[in-house]
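Each chain is listed here by its residues.
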Amino acid sequence: MKAILCSQFCKPEDLTFEEFPEPVAERGQVVVAVKSAALNFYDILQIQGKYQGAPAFPFSPCGEVAGVVDSVGPGVTDLKVGDRVVASCYNGAREKVAVTASSVLKIPDNLDYDRAAGIPVVYGTALHALMDRGSSKPGESLAVLGAAGGTGLAACELGKLMGLRVIACASSEDKLAFTKAHGAELTLNYAKEDLKEGLRRLTDGKGVDIIFDPVGGKLAEASLRAIAWEGRFLVIGFAAGEIPKMPLNLPLLKSCDIRGVFWGVWAERNPVKNRANLRKLINWAAEGKLSSHVHATFPLAHTAEAMDVLASRKAMGKVILHP
């Protein structure tokens, strides 16, 4: 089978597209014939050795796939060959991938593979962040930084579903218009307006109840300075490339919380709750309540070009690979 391989830490253009042995379903596993594999920004960091962890070499990017069960290992009773499924995994940028059966969920016929592949990581992260870590309550305000990206868009859509007043923050008018079509009530262009002052203006001086930050960099402190009394600042990631150092007098003055959101480890520690979350997200997507919007698709051999779309901040929604 064909696979995109990272054999040493490298840039996207140095990834190789080559033959690789087909996986075998071991006990408790299934092999999925991949129809769609979703890229995330952390894939770019991971192949460069800049992420929290990485599989052993050689590995493939993509931590979420959708496809068809190709074979079933011993001990697996709730899945069969031919089932349409979605899974969170390692090494998704391959024609076939072996995954633990407990990480696989069936998908309905009216949910296409491209949209399904974009659900587990970004929507799983956003739902965990808002529901489990953010302690969100209907009527509260939610500021989403990088709102047109995959995780940001998921937060906008879920925020609206959960009854939050969503403020989408992004760097262009095109991106902001896109977010308004996907759940944002208010928008703020932080390329044109100071983020702190803009968030205060949009909340009539009260400040934002929940800040959802997958960007980091200089935007983090600016948004924290606009947080409400007893607000929650959710640390999602650092797409800007810089991990901010926050003045600790700010949480003191606002009696607010800075809460980390590491969905991957949480999902491993709470598999039953994570499956329930993902099942809820799959149903919402099938019902049309979540877009799981696909920005662009690329053949597997063009993974470097697909990563460039993410790295250059051009993507609005998900970037999908087709083996």
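Residues numbered from 1 in each chain as written. Predicted model: local features only at pLDDT ≥ 70, side-chain atom pairs only at ≥ 80, totals over all residues. Heavy atoms only, no water.

**Q** Explain the packing of aromatic side chains residue by residue, including any values.
**A** Scanning the model with the defined rule gives three aromatic pairs in all. Measuring from centroid to centroid gives 5.2 Å for Tyr 42 and Tyr 51, while their planes differ by 25°, and the two rings are stacked. For Tyr 51, a relative accessible area of 29% gives the class partly exposed. The cationic tip of Lys 2 hangs over the ring face of Phe 17; the distance from NZ or CZ to the ring centre is 5.5 Å. Lying over the aromatic face of Tyr 113, Arg 84 brings its terminal NZ or CZ to 4.4 Å of the ring centre. (Phe/Tyr/Trp six-rings, centres within 6.5 Å; stacked < 30°, edge-to-face > 60°. Buried < 20%, exposed > 50% of the residue type's maximum accessible area, 1.4 Å probe, protein only. Lys NZ or Arg CZ within 6 Å of the ring centre and 35° of its normal.)

**Q** Give a detailed account of the sheet that holds strand 13 (residues 257-260), specifying residues and quantitative values.
**A** Spatially, six strands are ordered 10-9-8-11-12-13 in an open sheet, and the strand pairing comes out parallel. Pairing within the sheet leaves two strands with one partner each, and these edge strands are strand 10 (186-189) and strand 13. Between one strand and the next, the sheet's axes are offset by a mean angle of 20°, whatever the strand orientation. Pairing geometry for strand 8 (residues 141-145) and strand 11 (residues 208-213), over three bridges, is parallel. If you follow Val 144 over to strand 11, its bridge partner there is Phe 212. (Pairing = 2+ DSSP bridges. Helix = DSSP H or I, 4+ residues; strand = E, 2+ residues; numbered from the N terminus. Axes fitted to C-alpha atoms, helices over the stretch in contact; angles between N-to-C directions.)

**Q** Got a sec to walk through helix 4 (residues 150-161)? Specific residues and values, please.
**A** Between its first and last C-alpha, helix 4 extends 17 Å over 12 residues, near the 16 Å set by a 1.5 Å rise per residue. Counting buried residues in helix 4 gives 10 out of 12 residues, a clear majority hidden from the surface. Burial in helix 4 covers these residues: Gly 150, Thr 151, Gly 152, Leu 153, Ala 154, Ala 155, Cys 156, Glu 157, Leu 158 and Gly 159. Positive phi appears at Gly 163, one or two residues downstream of helix 4, with a value of about 85°. (Expected span 1.5 Å × (residues − 1).)

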